[in-house]
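Below, each chain spelled out in residue letters.
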Protein chains: 2
Amino acid sequence: MRKPLIFITNDDGIKAPGLRALIEAVKGLGEIVVVAPENGMSGMSHALTVSTILRLKEVAKEEDYIEFYCTGTPVDCVKLGGHKAITRKPDLIVSGINHGSNSSINVIYSGTMAAAIEGAIQGIPSIGFSLLDHSENADFSLAIEYARKIAIKVLAEGLPAFTCLNVNFPKNHKNEVKGIKVCRQAMADWDDEYVETLDPHHHKYFWLTGEFANSDMAEDTDEWALSNNYISIVPVHTDYTNHKVINQLKSFEL
Amino acid sequence: MRKPLIFITNDDGIKAPGLRALIEAVKGLGEIVVVAPENGMSGMSHALTVSTILRLKEVAKEEDYIEFYCTGTPVDCVKLGGHKAITRKPDLIVSGINHGSNSSINVIYSGTMAAAIEGAIQGIPSIGFSLLDHSENADFSLAIEYARKIAIKVLAEGLPAFTCLNVNFPKNHKNEVKGIKVCRQAMADWDDEYVETLDPHHHKYFWLTGEFANSDMAEDTDEWALSNNYISIVPVHTDYTNHKVINQLKSFEL
């Protein structure tokens, strides 16, 4: 039997420590192909390069391991890498480990999760991993341990159709983590702010900043789980339809 | 009573005829603020500008009408425009009219729909409109007529929480259109292809191309509706959780 093919990407780019942590997490579980963005691609969501060219460059190769960077977004990495870096369909796509949370509404903005969602669209079991720690020297040891367990499980059992996993790890020491909660996305929001500045030519420009604002702390949410030192797993769907309101809208006469 | 505030954006950029069609569609329904991307932003999905600056420039102003371009993505237009182009919360966000379909899985890649989804996250009734015709000189007359009706309805009645509308118009003459269907997103896919070319320095590069591939032609889908000359309306949720599989995954022991 052929070894499973594990495809790895991220949105923090090929130099991110979180990518190295994820490679370590799945080491030895199969043949590994890394296709990561050349540069940081945080907040790129499901963006796709359609109006310019893409490049793909091999940067490392050893037994059962090959690594490329791609000039595009995380979704470009999955799509272009899927065509040009490998010759068979991956058995698993893992994305991350992101430096910072992708829980709650962040799933919508995240390039890490977009790569996993793209995998689910293509029918490949896919998982996005994120650690609630933005720092360059974040401690990924807990994340590595659990990412490996989750990857082994998904390789063995697959995932429901049209569904990938959004896994977030609390910023914690190992002995404080209580376990895993499978939960729903908290319906939170961002309180955006724009910092207004003048350039040397006296023209205004803006920087986005802001605070995460959550008023949905029900116990079945990812935010609750993470605040209570659990690892959160949200099954993310590629069907964005709000099925519950279809009948209500049908009565909406025009 | 103050006139409703209608916020307009798109992803084809400020020069797109589809944007002018949408401005025409909502003319006279309230105070209008346009904040559109300076350049085309197709396929940008929910991408957000976090690592560089944004600019916002006023380009036209008359009674009850003001128009800006923003250097960012459609979501940047909604976020930055919401802070710096207006002083009250919009009563309605309309996005489009996109040159080309955003039905089915295209909702995930679409900048037009991302702007509407961002509106829904912010609790603003929001609608994305798209016409199944990519050409510069597409005939928007049917789309204008129905976009106006739908906008009037949503201004009067609002939308369910965390939900925006994905409206697609078939490429058809008026008298062939049979009406509106409220439906679900077809679970289709793209057969991507990458065209490989050599640059003048003999290095490879790639262009994304491909074909839309739909095997989900159930009668309750947007693809069925559009193929049968109906206008499709899909309610799109900002909760990406696949609630149906949560219990199944809980039994997934680690």
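Because the structure is predicted, anything quoted here is derived from the model rather than measured.

Parameters at a glance
- Residues numbered from 1 in each chain as written.
- Chains lettered and ligands numbered in written order.
- Predicted model: local features only at pLDDT ≥ 70, side-chain atom pairs only at ≥ 80, totals over all residues.
- Heavy atoms only, no water.
- Least-squares fit on C-alpha atoms with pLDDT ≥ 70 in both.
- Contact = heavy atoms within 4.5 Å.
- Pairing = 2+ DSSP bridges.
- Helix = DSSP H or I, 4+ residues; strand = E, 2+ residues; numbered from the N terminus.
- Axes fitted to C-alpha atoms, helices over the stretch in contact; angles between N-to-C directions.
- Buried area = accessible area lost by both parts, 1.4 Å probe.
- Salt bridge = Lys/Arg side-chain N within 4 Å of Asp/Glu carboxyl O.
- Polar contact = N/O pair within 3.5 Å; in protein donor to acceptor, adjacent residues only side chain to side chain.
- Nonpolar A, V, L, I, M, F, W, Y, C, P; charged D, E, K, R; others polar.
- Phe/Tyr/Trp six-rings, centres within 6.5 Å; stacked < 30°, edge-to-face > 60°.
- Buried < 20%, exposed > 50% of the residue type's maximum accessible area, 1.4 Å probe, protein only.
- Lys NZ or Arg CZ within 6 Å of the ring centre and 35° of its normal.

Draft legend 1. Up close: the relation of the copies chain A and chain B. Mapping chain A onto chain B leaves a residual RMSD of 0.0 Å; the transformation is a rotation of 180° accompanied by 0.0 Å of translation along its axis. Taken together, the rotation angle and the small translation identify this as a two-fold axis. When the interface residues of chain A are mapped onto chain B, 100% of them are again interface residues, pointing to one common binding face.

Draft legend 2. Geometry of the sheet that holds strand β7 (residues 163-169) of chain A. Residue and element names in this part refer to chain A. Spatially, nine strands are ordered β3-β4-β2-β1-β5-β6-β7-β11-β8 in an open sheet, and the strand pairing comes out mixed. The open sheet has two free edges, formed respectively by β3 (56-62) and β8 (179-182), since each of these has just one partner strand. Pairs of neighbouring strands in the sheet enclose a mean axial angle of 20°, with direction left out of account. Against the sheet, helix α4 (residues 111-121) makes contact with β1 (5-9), β5 (92-99), β6 (126-131), β7 and β11 (230-237), and its axis sits at roughly 170° relative to β6, the strand it touches most.

Draft legend 3. Expanded view of the pairing of strand β10 (residues 204-213) of chain A. All names here are of chain A. Relative to β10, strand β9 (residues 189-198) runs antiparallel, the two sharing ten bridges. Looking at β10, one finds that W190 is bridged to F212. Counted between consecutive antiparallel strands, the loop separating β9 from β10 contains five residues, among which H202 sits at a positive phi close to 70°.

Draft legend 4. Molecular detail of the interface of chain A and chain B. Taken together, the contact between chain A and chain B spans 77 residues of the former and 77 residues of the latter. With both chains or domains summed, chain A and chain B bury close to 6900 Å², and 68% of this area falls on carbon and sulfur atoms. There are six salt bridges connecting chain A and chain B. Here A:D192 ties to B:K79 by a salt bridge, and the two come within 2.9 Å at their closest N and O atoms. Taken together, the connections running from chain A to chain B amount to 35 residue pairs in polar contact (both at pLDDT 80 or more). Broken down by element, the side of chain A that touches chain B gets its largest block of residues, six residues, from helix α2 (residues 74-84) of chain A. Considered class by class, the residues forming the side of chain A that touches chain B number 40 nonpolar, 19 polar and 18 charged.

Draft legend 5. Seen up close, the packing of aromatic side chains. If you walk through the whole model with that rule in mind, you get seven aromatic pairs over all chains. Judged by centre distance (5.7 Å) and plane angle (65°), the rings of B:W190 and B:F212 are edge-to-face. Residue B:W190 is located in strand β9 (residues 189-198), and its partner B:F212 is located in strand β10 (residues 204-213); the two are separated by 22 residues in the primary sequence. Measuring from centroid to centroid gives 6.1 Å for B:W224 and B:Y230, while their planes differ by 20°, and the two rings are stacked. In this structure B:W224 comes out as buried when scored by relative accessible area, which is 17%. If you follow A:K181 out to its NZ or CZ, it ends over the ring of A:Y230, 4.7 Å from the centre.

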